[in-house]
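Coordinate analysis (summary)
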Amino acid sequence: MDIVKTVIALIPIIWLVISLGVFHVRGDVACAVGLIVTIVLSIFGFNFSFINSITAGMDGIMMAIWPIIYVIISALFIYNISKKSGGLDTIMSMLTSITKDMRILVLILAWGLGGFLEAVAGFGTSVAIPASILIILGMNPIKAAVVCLIANTAPTAFGAVGLPITTLAKVTGLETTQLSYFVAIQLFFLIVIIPFVLVMLTSGKGLKSFKGNGVLFSTFMAGFTFAVPQIFITKYMGPELPSIVGAIICILSLVFITRLYANKRQETPVQPNIEAGTKTTGDKIKAWIPFILVFVLIIFTSSLFPSIKGALASVKTSFHFYNGIGAKPVDIDWLSSPGTLILLSSFIGGAIQGLSLKEMVLVLFDTIKQLTKTIVTVCAIVGLSKVMGYSGMITIIAISLVKLTGPFYPVISPIIGVLGIFITGSDTSANVLFGALQVQAAQALSVNTYWLAAANMAGATAGKMISPQSIAIATGATKLEGKEGVLLKKALPYCAVYTLALCVIVFVLGKILYML
């Protein structure tokens, strides 16, 4: 184990944690400095050439712009369009007609809707949209951001129509369905538990948070109805549908249960600033049109319809910035990107709701202006991750952990996934970075390769809530730019407990199932 190189490779990560979590440095500044530091360290500590380090950084920045930032802008744009047209007021009225209990609304929006958005789109939509709606409903912006960050964990394993799992299968050479099933098994307990955490965080009353009309039962069902379908679907169908089906069943179950208790007294009322008024069925449908279009377009252009997906994916531009060892082209998928689908839905939906093209373009420019600091943050952190990946810094950290832990490596295998997503902000990228390493470690230790590969994916779901990229998305959507450190500090304890629980699950359940 090369101790010196390991320490050097850890410096960018240590800098991000300290600058954001301890000194509360603004996210765009901390990540920009981190990128510069990483470039310098890669050159002098890993003999990475100046040209390669710069082009690797540019490679990451381009990847940040497309599709990540593109999707963030589009997600916030559809929200702003709905707000401008008045459709959002109607949606809020409909939601609060189901319940005014913020605890139930958090389960429906942050957990159910957020899980669905993660499943069909990914790339930050599951944090940006629910957090924005919760704020409109009266929740404190910081609490809304933290709630959505915690909710956007377990569902991410099967996000973007199973992309992280299918990518992991490709880089490891493992069979997709079996790998999906093992991930679902490892995450089952956590999926059931997370809704309880969300309700307690929302109410702030500890175990008393579940007092009231069916809140305890609703909380249990929110996790149970999400987790159980994932087990069966991954077992027999694969990674594309588990979170989509789980989220839909979860939302329908919550609405049904809430209706059963509708005639009883509710706690924690929400008092949104929404004008009362009678809305026709047409008005209600019109209010939801942009989001209905997102659902329809994303479903019909997903892997579920390969011919359509293939035709759209063929319209792309590929080019290289970085040309060193392991170089991969930067692909711009003009038509199949979730950002394009959301943007198109926004313009069509806004037109149906009565907005002119000029009004919508002005809203788009205002949205981009609103996200300036977020754009810098995301570009810097993805650039940093690319420099670390191409220069070998990430590999040396992972190899050192394997050598340091030996036969106890399975216990900390999820932490590798946490590390990967903290650096990259993406479950898919974390699997690309460390998936093969997990399989190599499993082979060296003579344990089940599927189990440790799945642990990498499960670990990535834990780190999702504290990755600088996720936090940047949350601050951008909730207008909390400059508060990245506050969010990191609040989310970090939850991430630590989640990761610890996952390490125990992977090791103990692995022994029980004879995987280790």
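Residues numbered from 1 in each chain as written. Predicted model: local features only at pLDDT ≥ 70, side-chain atom pairs only at ≥ 80, totals over all residues. Heavy atoms only, no water.

Tallying each qualifying case throughout the model produces 13 aromatic pairs. Between the aromatic rings of Trp111 and Phe226, the centroid separation amounts to 5.1 Å while the plane-to-plane angle is 50°, which identifies the pairing as tilted. Taken together, the positions of Trp111 in helix H5 (residues 102-120) and Phe226 in helix H10 (residues 215-236) put the pair 115 residues apart, joining distant regions of the chain. Residue classification places Trp111 among the buried residues on the basis of a relative accessible area of 0%. Geometry around Tyr181 places Lys235 over its ring, the cationic atom sitting 4.7 Å from the centre. (Phe/Tyr/Trp six-rings, centres within 6.5 Å; stacked < 30°, edge-to-face > 60°. Helix = DSSP H or I, 4+ residues; strand = E, 2+ residues; numbered from the N terminus. Buried < 20%, exposed > 50% of the residue type's maximum accessible area, 1.4 Å probe, protein only. Lys NZ or Arg CZ within 6 Å of the ring centre and 35° of its normal.)

This paragraph deals with the confidence of the model for the protein chain. Confidence in the prediction of the protein chain, expressed as mean pLDDT, is 86, and 95% of residues score 70 or more. Helix H4 (residues 87-98) is the least confidently modelled element of the protein chain, averaging 78 in pLDDT, while helix H9 (residues 176-203) averages 95, the highest of any element. Overall, residues 266-276 carries pLDDT values under 50, and its contacts beyond four positions in sequence, including any with other chains, amount to 24 contacts. (pLDDT = per-residue confidence, 0-100. Contact = heavy atoms within 4.5 Å.)

So, about a nonpolar patch on the surface. The grouping of Ile248, Leu252, Ile285, Ile292, Phe295, Val296, Phe300, Leu304, Phe305 and Ile308 at the surface amounts to a nonpolar patch, some 780 Å² of accessible area in total. At the level of elements, helix H11 (242-260) and helix H12 (281-300) are the ones that each hand at least two residues to the nonpolar patch. For the nonpolar patch, the leading source of residues is H12, giving five residues. On the secondary structure map, Ile308 appears in helix H13 (residues 306-313). (Patch = residues over 30% accessible without salt bridge, like charges linked within 9 Å, V, L, I, M, F, W, Y side chains within 5 Å. Areas by Shrake-Rupley, 256 points an atom, 1.4 Å probe, with all protein chains shown as cover. Salt bridge = Lys/Arg side-chain N within 4 Å of Asp/Glu carboxyl O.)

Let us look at the pattern of salt bridges. Applying the stated criterion to the full structure yields four salt bridges. The closest approach of N and O atoms between Asp28 and Arg26, which form a salt bridge, is 2.8 Å. On the basis of relative accessibility, which here comes to 9%, the residue Asp28 falls in the buried class. Between Arg103 and Asp101 there is a salt bridge; the shortest N-O distance is 2.6 Å. Classification of Arg103 as buried rests on a relative accessible area of 0%.

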